[in-house]
Amino acid sequence: FETWFVIKNSLFMLMFIFINFGVAFFRRQHFDTQYHFETRLAAQLDASTKADSLLNHGLKNTMADAAGNLDIFLSQFERNKKQVNVGLLKMSREGLQRGMLSCRNREIYINLCAGAWQPDLAPVSLPAFAEALLQGRPVASDIVNVTVRMDQTLCWLVFDNAITNAL
């Protein structure tokens with residue numbers, strides 16, 4: 001009877017040890033999963049914050065240009081209603097359209113800031129690209145009529161930011 005008692009207690013002890021190892025293993029898995037989730041979430045939040053900063057920078061300049069053009073137009077209109085520069089209104093409208101386009105590019109900014117952007121090289125007409133990029137801006141250009149392979153979205157964001165900062 002005593003041998004049976006020792007075997008029974010030994011089995012209970014082994015079962016207790018295995019249960020503790022199992023619980024410890026599953027808790028460790030839970031903590032690892034939570035850690036990786038929190039790390040990815042922090043990286044996404046950081047990329048989102050950087051993207052919002054880029055977007056705000058571009059929008060601030062675009063909206064300031066449009067507001068300036070409208071102010072000049074309105075002051076001209078108040079002084080002399082017959083001789084106003086309608087081109088200022090067109091430039092304001094085009095600037096506002098660029099601002100709306102920038103808002104749609106938020107996801108692109110997030111992917112760029114997160115290092116997840118995949119370039120998409122495609123043939124692009126350089127004069128058409130430059131015309132769309134410079135629309136509504138007081139910039140003269142002389143672009144050679146060629147077609148180039150480039151990531152149009154990425155180049156748009158880079159050149160748009162460079163032109164906005166230069167003006």
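Conventions we followed
- Residues numbered from 1 in each chain as written.
- Predicted model: local features only at pLDDT ≥ 70, side-chain atom pairs only at ≥ 80, totals over all residues.
- Heavy atoms only, no water.
- Helix = DSSP H or I, 4+ residues; strand = E, 2+ residues; numbered from the N terminus.
- Contact = heavy atoms within 4.5 Å.
- Salt bridge = Lys/Arg side-chain N within 4 Å of Asp/Glu carboxyl O.
- Buried < 20%, exposed > 50% of the residue type's maximum accessible area, 1.4 Å probe, protein only.

Chemist: Mind laying out the side chain of asparagine 69, listing which residues take part and the relevant values?
Modeler: Tracing the chain through its elements places asparagine 69 in helix α1 (residues 2-79). The residues contacting asparagine 69, other than those within four sequence positions of it, are Leu88, Met91 and Ser92.

Chemist: For the pattern of salt bridges, give the residues involved together with the corresponding values.
Modeler: Following the criterion strictly, the structure yields 2 salt bridges and no others. Taking the shortest distance from any N to any O, the salt bridge between aspartate 32 and arginine 28 comes out at 3.4 Å. Of the two residues, aspartate 32 and arginine 28 are both situated in helix α1; the distance of 4 residues between them amounts to about one turn of the helix. With a closest N to O distance of 3.3 Å, lysine 50 and aspartate 46 form a salt bridge. Placement of both lysine 50 and aspartate 46 in helix α1 is noted, with a separation of 4 residues, approximately one turn of the helix. Lysine 50 sits in the partly exposed class, given a relative accessible area of 42%.

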